[in-house]
Amino acid sequence: MSSPSKRRDMDVMKLMMSDYIVEPINDGINEFNVEFHGPKESPYEGGVWKVRVELPDAYPYKSPSIGFLNKIFHPNVDELSGSVCLDVINQLWSPMFDLLNVFEVFLPQLLLYPNPSDPLNGDAASLMIKDKAQYDQKVKEYCDRYAKKQANENTLSDESEEDEVSDDEAFSDRQSVSDDEIAGHADP
């Protein structure tokens, strides 16, 4: 059996060698940003998000911390913190999952199949339940305003040290929802 640090290295390398743009933070592999594209044939199509990933020391036995850095309108993503309410990451994580699962399966499924009955964003959940067409329109407006490739290029590829500090601070601020609070939003 390989050690957690070897597994972490392998998973990060697999993610870097895939089609995702991965940018390490502070020259380490425990924290990094990943460019994530909205799934095709969804209101999120065309959106490009910067997703912050933090790997705990116990990874893969403990789940990664995942948060959207640019705004997204979704019932299961806190609009202010970017925290994600997703059972498979927050409660059902298993060492058999890896980082590619997060970006190729879990996050796309989250965007394709929101759960308005278990919201972190009550406004998004309420609008989705009351008027799906208006919800879809608002999702597209957020994509146009906050999640366009051109808007993210500078922050992903050409960050200055000042920008990196502000990204770190922004992520810390966005992590105001604790794991326990997130767990409270999950189905039992």
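The structure displayed is predicted, hence computed values, not measured ones. (Residues numbered from 1 in each chain as written. Predicted model: local features only at pLDDT ≥ 70, side-chain atom pairs only at ≥ 80, totals over all residues. Heavy atoms only, no water.)

Digging into the sheet that holds strand 2 (residues 31–37)
Working step 1: Read from one edge of the open sheet, four strands run 1-2-3-4, paired in antiparallel fashion. The two strands at the open ends of the sheet, each matched to only one other strand, are strand 1 (22–24) and strand 4 (65–68). Taken pair by pair, the neighbouring strands of this sheet meet at an average axis angle of 25°, ignoring direction. (Pairing = 2+ DSSP bridges. Helix = DSSP H or I, 4+ residues; strand = E, 2+ residues; numbered from the N terminus. Axes fitted to C-alpha atoms, helices over the stretch in contact; angles between N-to-C directions.)

What to know about the nonpolar core
Working step 1: With 40 residues, the main nonpolar core has Leu-15, Phe-32, Trp-49, Phe-68, Phe-103 and Leu-107 as its most contacted residues.
Working step 2: Among the elements of the structure, helix 1 (4–17), strand 2, strand 3 (48–54), strand 4, helix 2 (87–90), helix 3 (99–112), helix 4 (122–130) and helix 5 (132–146) are those that each provide at least two residues to this core.
Working step 3: Considering every element that reaches this core, the biggest residue donor is helix 3, with eight residues. (Core = buried A, V, L, I, M, F, W, Y, C linked by side-chain atoms within 4.5 Å. Buried < 20%, exposed > 50% of the residue type's maximum accessible area, 1.4 Å probe, protein only.)

What to know about a nonpolar patch on the surface
Working step 1: On the surface, Met-13, Met-16 and Met-17 cluster together to form a nonpolar patch covering roughly 320 Å² of accessible area.
Working step 2: Relative to the helices and strands, Met-17 resides in helix 1. (Patch = residues over 30% accessible without salt bridge, like charges linked within 9 Å, V, L, I, M, F, W, Y side chains within 5 Å. Areas by Shrake-Rupley, 256 points an atom, 1.4 Å probe, with all protein chains shown as cover. Salt bridge = Lys/Arg side-chain N within 4 Å of Asp/Glu carboxyl O.)

Concerning the side chain of Arg-52
Working step 1: Within the secondary structure, Arg-52 sits in strand 3.
Working step 2: Note on Arg-52: relative accessible area 2%, which makes it buried.
Working step 3: In this structure the side chain of Arg-52 is engaged in a polar contact, spanning 2.7 Å, whose partner is the side chain of Glu-31. (Polar contact = N/O pair within 3.5 Å; in protein donor to acceptor, adjacent residues only side chain to side chain.)

So, the UniProt feature "active site" (unreviewed entry) in the protein
Working step 1: The feature "active site" (unreviewed entry), as given by UniProt, occupies Cys-85 in the numbering adopted here.
Working step 2: By the secondary structure assignment, Cys-85 is in the loop between strand 4 and helix 2.
Working step 3: For Cys-85, a relative accessible area of 6% gives the class buried. (UniProt positions renumbered as here; feature names shortened; annotations may be inferred.)

Regarding the side chain of Asn-121
Working step 1: Topologically, Asn-121 is positioned in the loop between helix 3 and helix 4.
Working step 2: With near-sequence residues (within four places) excluded, Asn-121 lies in contact with Phe-73, His-74, Pro-75, Val-77 and Glu-79. (Contact = heavy atoms within 4.5 Å.)

Some words on helix 3
Working step 1: Its 14 residues place the ends of helix 3 19 Å apart at the C-alpha level, agreeing with the 20 Å of an ideal helix rising 1.5 Å per residue.
Working step 2: At Phe-106, helix 3 shows its largest kink, close to 30°, and the proline Pro-108 lies no more than four residues downstream.
Working step 3: Buried positions along helix 3 lie against helix 1, strand 2, strand 3, strand 4 and helix 2.
Working step 4: Where helix 3 begins, the capping side chain belongs to Asp-98, and its oxygen is found 3.0 Å from the backbone nitrogen of Leu-100. (Expected span 1.5 Å × (residues − 1). Bend = angle between axes of the 7 residues up to and from the residue.)

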